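# Working through the structure, step by step
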Amino acid sequence: MHAQPEDALTDHALVDDAQTPHDTFPFDPRFAPTHPPLSAHEAAVEAHRCLYCYDAPCIQACPTHIDIPTFIRKIATDNLRGSARTILEANFLGGTCARVCPVEELCEGACVLNAEEKPIAIGRLQRHAVDHVQGRGLQMFTAGTPTGRRVAVVGSGPAGLSVSAELAKLGHAVTLLEKRELGGGLSTYGIIVLREPVEVSLQEVEAVRALGVTVETGRELTDQAGLAALLEEYDAVFLGLGLGAVPAMGIPGEEHLIDGLQYIEDSKIAPGGLPNAQNVVVIGAGNTAIDAATIARRRGADVTMLYRRTDSEMTAYRHEYEFALSEGVQYRFLTQPIRVISDGGKVTGVECVKMVLGVPDTGGRPRPNPLPGSEFIVPCDTVISAIGQEKPALATEMGIEISGGYIVVNHDMQTSLPRVYAGGDCVRLRGTASTVMAVQDGKYAAVAIHRQLSQQAESQLQEAAHG
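Below: a short report on this structure. (Residues numbered from 1 in each chain as written. Predicted model: local features only at pLDDT ≥ 70, side-chain atom pairs only at ≥ 80, totals over all residues. Heavy atoms only, no water.)

Turning our eyes to something else, we now look at the packing of helix 13 (residues 287-298) against helix 14 (residues 318-327). With their axes 10 Å apart at the nearest point, helix 13 and helix 14 run at an angle of 15° to one another. On the basis of the axis angle, helix 13 is roughly parallel to helix 14. Taken as a pair, helix 13 and helix 14 cross one another with a handedness that is left-handed. Side by side, helix 13 and helix 14 meet where Asn287, Ile290, Thr294, Arg297 and Arg298 of the first sit next to Glu320, Tyr321, Phe323, Ala324 and Glu327 of the second. (Axes fitted to C-alpha atoms, helices over the stretch in contact; angles between N-to-C directions. Helix = DSSP H or I, 4+ residues; strand = E, 2+ residues; numbered from the N terminus. Parallel < 35°, antiparallel > 145°, perpendicular 65-115°, else oblique. Left-handed = near helix turned anticlockwise from the far one by under 90°. Contact = heavy atoms within 4.5 Å.)

Residues Phe376 and Val378 line the buried face of strand 12 (residues 376-379), whereas the alternating positions Ile377 and Pro379 sit on a face that is not buried. As paired strands, strand 10 (residues 346-360) and strand 12 are joined by four bridges and run antiparallel to one another. Residue Cys352 lies in a different strand from strand 12, and its bridge partner there is Phe376. (Buried < 20%, exposed > 50% of the residue type's maximum accessible area, 1.4 Å probe, protein only. Pairing = 2+ DSSP bridges.)

By secondary structure assignment, the location of Phe71 is in helix 3 (residues 68-76). Given the relative accessible area of 0%, Phe71 is considered buried. Phe71 sits 48 residues away from Pro119 along the chain, and the two C-alpha atoms are 16 Å apart.

Tallied over the full model, the rule gives four aromatic pairs. Aromatic side chains Tyr321 and Phe333 sit 6.3 Å apart centroid to centroid with 65° between the ring planes, which places their arrangement in the edge-to-face category. A residue pair is termed long-range when its members are at least 10 positions apart, and Tyr321 in helix 14 and Phe333 in the loop between strand 8 (330-332) and strand 9 (335-343) qualify at twelve residues. Residue classification places Tyr321 among the buried positions, given a relative accessible area of 10%. Seen in terms of ring centroids, Tyr331 and Phe333 are 5.5 Å apart; in terms of plane orientation they differ by 10°. Their pairing is stacked. Through successive ring pairs, a cluster of aromatic residues spans Tyr321, Tyr331 and Phe333. The side chain of Lys169 reaches across the aromatic face of Phe141, ending 4.2 Å from its centre. (Phe/Tyr/Trp six-rings, centres within 6.5 Å; stacked < 30°, edge-to-face > 60°. Lys NZ or Arg CZ within 6 Å of the ring centre and 35° of its normal.)

With 83 residues, the main nonpolar core has Ile68, Phe71, Ile72, Leu239 and Ile449 as its most contacted residues. Here this core takes eight residues from helix 16 (residues 435-465), the largest share from any one element. Ignoring any residue separated from it by four or fewer positions in sequence, one finds Ile72 in contact with Ala47, Cys50, Tyr52, Ile120, Ile122 and Leu125. Counting residues in each nonpolar core, the second largest holds 30 residues, with Ile192, Tyr307, Met314 and Ala386 among its members. (Core = buried A, V, L, I, M, F, W, Y, C linked by side-chain atoms within 4.5 Å.)

Taken together, five strands build an open sheet; the order of strands is 5-13-6-7-8 and the sheet is parallel. Two strands close off the open sheet at either side, each with one partner strand: strand 5 (258-259) and strand 8. As paired elements, strand 7 (residues 302-306) and strand 8 share three bridges and run parallel to each other. Residue pairing in the sheet places Thr304 in a bridge with Gln330 of strand 8.

Between the first and last C-alpha of helix 13 there are 16 Å, a value that for twelve residues agrees with the 16 Å anticipated at 1.5 Å per step. Tucked into the core, helix 13 has its buried residues touching helix 12 (260-269), strand 6 (279-283), strand 7, helix 14, strand 8 and strand 13 (382-385). Directly beyond the C-terminal end of helix 13, a positive phi value near 100° is found at Gly300. (Expected span 1.5 Å × (residues − 1).)

Residues spaced three or four apart along an α-helix point in a common direction, a consequence of the helix completing one turn every 3.6 residues. Among all positions in helix 3, only Ile68, Pro69, Phe71, Ile72, Ile75 and Ala76 are buried. Taken end-on, helix 3 shows its buried residues confined to a sector of 165°, consistent with a single buried face. Buried residues along helix 3 sit in contact with helix 1 (40-49), helix 2 (57-61), helix 4 (80-90), helix 6 (107-110) and helix 7 (122-134). One or two residues past the end of helix 3 sits Asp78, with phi positive at roughly 65°. (Arc of directions from axis to C-beta.)

Bringing the pairing of strand 1 (residues 150-154) into the picture now. Taken across its five residues, strand 1 has four buried, putting it largely inside the fold. Pairing geometry for strand 1 and strand 2 (residues 173-178), over five bridges, is parallel. Its bridge partner lying in strand 2, Ala152 is registered against Thr175. Between the parallel pair strand 1 and strand 2, the chain is carried across by helix 8 (residues 158-169), and the sense of this crossover is right-handed. (Right-handed = clockwise from strand over helix to strand, strands pointing away.)

Quick look at the pattern of salt bridges now. All told, the structure shown has 21 salt bridges when counted by the stated rule. Among the salt bridges present, the one from Arg309 reaches Asp361, with a minimum N-O distance of 2.8 Å. Here Arg309 is found in the loop between strand 7 and helix 14, whereas its partner Asp361 is found in the loop between strand 10 and strand 11 (366-370), with 52 residues between them in sequence. Residues joined by salt bridges that share partners form a network here, namely Glu46, Arg49 and Glu117. (Salt bridge = Lys/Arg side-chain N within 4 Å of Asp/Glu carboxyl O.)

Any two packed helices are characterised by the angle at which their axes cross and by the distance between the axes. Running from N to C, helix 3 and helix 4 cross one another at 170°; their axes reach a closest spacing of 8 Å. In terms of orientation, helix 3 and helix 4 fall into the roughly antiparallel class. In this structure, helix 3 contributes Thr70, Phe71, Lys74 and Ile75 to the contact, and helix 4 contributes Leu80, Gly82, Ser83, Thr86 and Ile87. When the residues that make up the contact of helix 3 with helix 4 are grouped by side-chain class, the tally is four nonpolar, four polar and one charged. (Nonpolar A, V, L, I, M, F, W, Y, C, P; charged D, E, K, R; others polar.)

Take a look at the structure:
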């Protein structure tokens with residue numbers, strides 16, 4: 001463990017999102033966080049509600065297995081630095097996960113207090129502790145003793161940042177390659193501001209840099225030759241490729257569709273470029289679709305979400321669905337868009353057909369089938385498509401085994417190629433893709449890569465001894 005000693009003194013001030021500089025990314029009050037930061041008093045009161053359970057179910061429900069009772073107890077005793085260290089030891093992206101984790105489905109959903117009263121606000125307490133140190137630029141960890149081994153990490157999303165941090169703490173030299181201008185991946189570009197401002201994810205990129213990780217932006221891996229070059233230069237390679245753009249729908253008028261991920265990105269990086277829409281249709285019913293709908297709604301538009309199945313089959317979390325309802329977003333279920341209607345280059349509506357559910361498909365959900373003669377038009381001036389993401393085509397070009405478009409990995413996060421590992425959304429063939437799962441993938445991969453590099457070093461020593 002390479003944690004810095006706990007400071008004997010405690011600080012009482014709290015840095016919240018509103019106090020973070022917004023020179024580069026102007027703050028829009030319409031997108032203020034859904035839950036404001038806790039005050040020191042509120043955090044203390046909430047922390048004292050915790051029962052500090054033995055064998056706490058909240059720990060088991062957390063994919064990164066943060067010792068939740070311990071970090072909450074430290075908040076109760078005014079030891080915020082110690083609390084943050086407990087969190088970040090288990091989850092280097094504790095600041096992001098405190099904001100974006102589906103806590104209702106995970107730790108808070110498992111809280112024993114659900115049976116009698118409301119659960120502990122674990123996510124908000126985690127944010128309280130991590131913001132305390134990150135807002136002050138405090139580093140909780142140092143790099144390990146250099147091992148002489150080098151690892152390349154492709155992609156600076158949650159999986160890439162996680163594996164980079166863990167490997168650096170073990171003493172390996174890590175180079176993190178990011179094709180875009182800013183690091184952070186989906187946390188920076190794809191999570192709406194009211195959940196996570198850009199500055200929070202960029203702080204985590206800087207925390208990785210502080211561990212000695214070299215972060216090179218504008219560096220893209222494009223083919224098998226590029227991977228071969230990395231394997232010549234580095235002892236191991238980790239791929240955190242994420243997923244691609246929203247796939248095409250194959251309907252007339254598709255050129256007028258706005259990519260839901262691009263819409264979310266523009267709302268964070270270039271909000272001035274968003275269309276001034278009055279009546280928006282969002283196609284899809286996943287978490288990305290709800291995020292896009294929320295942005296449009298908070299910008300003053302009337303918003304209708306179209307989904308070809310019912311609310312029972314939605315891929316979005318139930319609490320997200322209810323959140324959108326509370327924002328005033330309307331839903332039209334059993335509705336399939338078949339054409340985008342325009343006049344003079346301007347969208348005027350979406351032609352749809354009603355659907356009926358049939359037998360389950362390969363994923364276990366009932367297959368929607370069009371009802372002949374049920375076509376109708378939903379008037380609108382903007383249409384956003386958020387029907388999922390394309391699989392990482394790069395994996396095929398690099399000759400890596402894939403299944404269903406996703407990279408195949410074993411329990412060590414190793415791909416079919418020697419010395420090549422992968423994690424995050426690009427390997428999530430089954431289960432729900434999420435930031436916290438990507439972080440855990442990075443931890444698993446770091447352990448496996450460290451073991452591989454240690455075995456290589458031991459073999460070389462033995463060869464030298466017998467040479």
